[in-house]
Amino acid sequence: MKVLIETPAMLDPSELLRPEPEFMDKSASMFRDYTVDFSDPLKERVRQTYRNMHLNQTVDFVKGRHAEWLTFSKFRATIREALERLNDLVDESDPDLDLPNIVHAFQTAERAREEHPELDWLHLTGLIHDLGKVMAFYGEPQWAVVGDTFPVGCLWSDNIVYRSDSFEGNPDGDNPKFNTKCGMYEPNCGLRNLMMSWGHDEYMYRVLKHNKSSLPEQALYIIRYHSFYPWHSSGDYQHLMIPEDEEIKKWVLCFNRYDLYTKSSKIPDIEELWPYYQSLIDKYCPGELEW
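Reference entry: report on the structure contained in this document. (Residues numbered from 1 in each chain as written. Predicted model: local features only at pLDDT ≥ 70, side-chain atom pairs only at ≥ 80, totals over all residues. Heavy atoms only, no water.)

1. Some remarks on the packing of helix α5 (residues 120-128) against helix α8 (residues 217-225)
Running from N to C, α5 and α8 point in directions that differ by 25 degrees, and their axes come no closer than 10 Å. Overall, the two elements α5 and α8 adopt an arrangement that is roughly parallel. Considering how the two elements wind past one another, α5 and α8 form a crossing that is right-handed. Counted together, W121, L122, T125 and I128 of α5 and Q218, A219, I222 and I223 of α8 form the full contact between these two elements. (Axes fitted to C-alpha atoms, helices over the stretch in contact; angles between N-to-C directions. Helix = DSSP H or I, 4+ residues; strand = E, 2+ residues; numbered from the N terminus. Parallel < 35°, antiparallel > 145°, perpendicular 65-115°, else oblique. Left-handed = near helix turned anticlockwise from the far one by under 90°. Contact = heavy atoms within 4.5 Å.)

The following block contains the structure:
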């Protein structure tokens, strides 16, 4: 399994990790707060989104989404046109930010650019990592678009958010083919052989592959697994991993500091930033793409 390709600015991703994300505007413990509070409309919106996700994301559902979306015949658009759709999307699964998703895209990209100006592919990865959320404008409910991801077809990790009761009623939980530790997978089958819950991560990865983006492999895997928190942040599913997956995890964790800790009410000047990011789009993902 070849995870990385050579780039002019290749380095060990562990060199990109810094002990404290000093740019945060609140403490790290205040991010990803999934406490249940029925009196808080934002928290209740988040909980309901995950409840619908965990009830409905089954092996059969994901197979159906692949058949529906991976023909890449829904629409055609440039990266910028798709990004501008995110002006009208607020992520219903996000307890940290209640702003249009395009704001988060530029927050993430700009922080990666500030800390690592030489890695232009990482800047663009920050900009487009959530772009698969455009599915929400073409009929997908948000519970099948946003939020943390997990493998279907095996026992659900204890570290999935709201794990204690939100999977109640999901038929895969009663299916002996799917409700064991390995389920439908072989031990140490490797990350790329898992069928992930359907959402923006897998879709955007597939869009980039289909349209032959020249982004390096590590960028594609960041996009594919950045929401797989039970794996990259809790250390779950190790029994399904292979050694090469640890390299993927390093890059995802590097990226996570820009994805998670930049969320704030500070809005970047998007119009001023467009020329730079358009140059990266033209370099790595030019022209009109099939979605």
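2. Some thoughts on the side chain of D259
You can see D259 is positioned in helix α10 (residues 245-260). For D259, a relative accessible area of 6% puts it in the buried group. One polar contact links D259 to H104, side chain to side chain, over a distance of 2.8 Å. Contact partners of D259, with chain neighbours within four places excluded, come to H104, T108, H129, H226 and Y229. (Buried < 20%, exposed > 50% of the residue type's maximum accessible area, 1.4 Å probe, protein only. Polar contact = N/O pair within 3.5 Å; in protein donor to acceptor, adjacent residues only side chain to side chain.)

3. Side note on helix α11 (residues 270-284)
For α11, built from 15 residues, the straight-helix expectation of 21 Å at 1.5 Å per residue is met to within 8% by its first-to-last C-alpha distance of 20 Å. Bending of α11 peaks at approximately 35 degrees at the position of Y276. Residues of α11 that are buried in the fold lie against α3 (79-85), α4 (101-115) and α5. (Expected span 1.5 Å × (residues − 1). Bend = angle between axes of the 7 residues up to and from the residue.)

4. Topic: the environment of E246
Its place among the elements puts E246 in helix α10. Each C-alpha atom of the pair E246 and L191 lies 9.8 Å from the other, and the pair is 55 residues apart in sequence.

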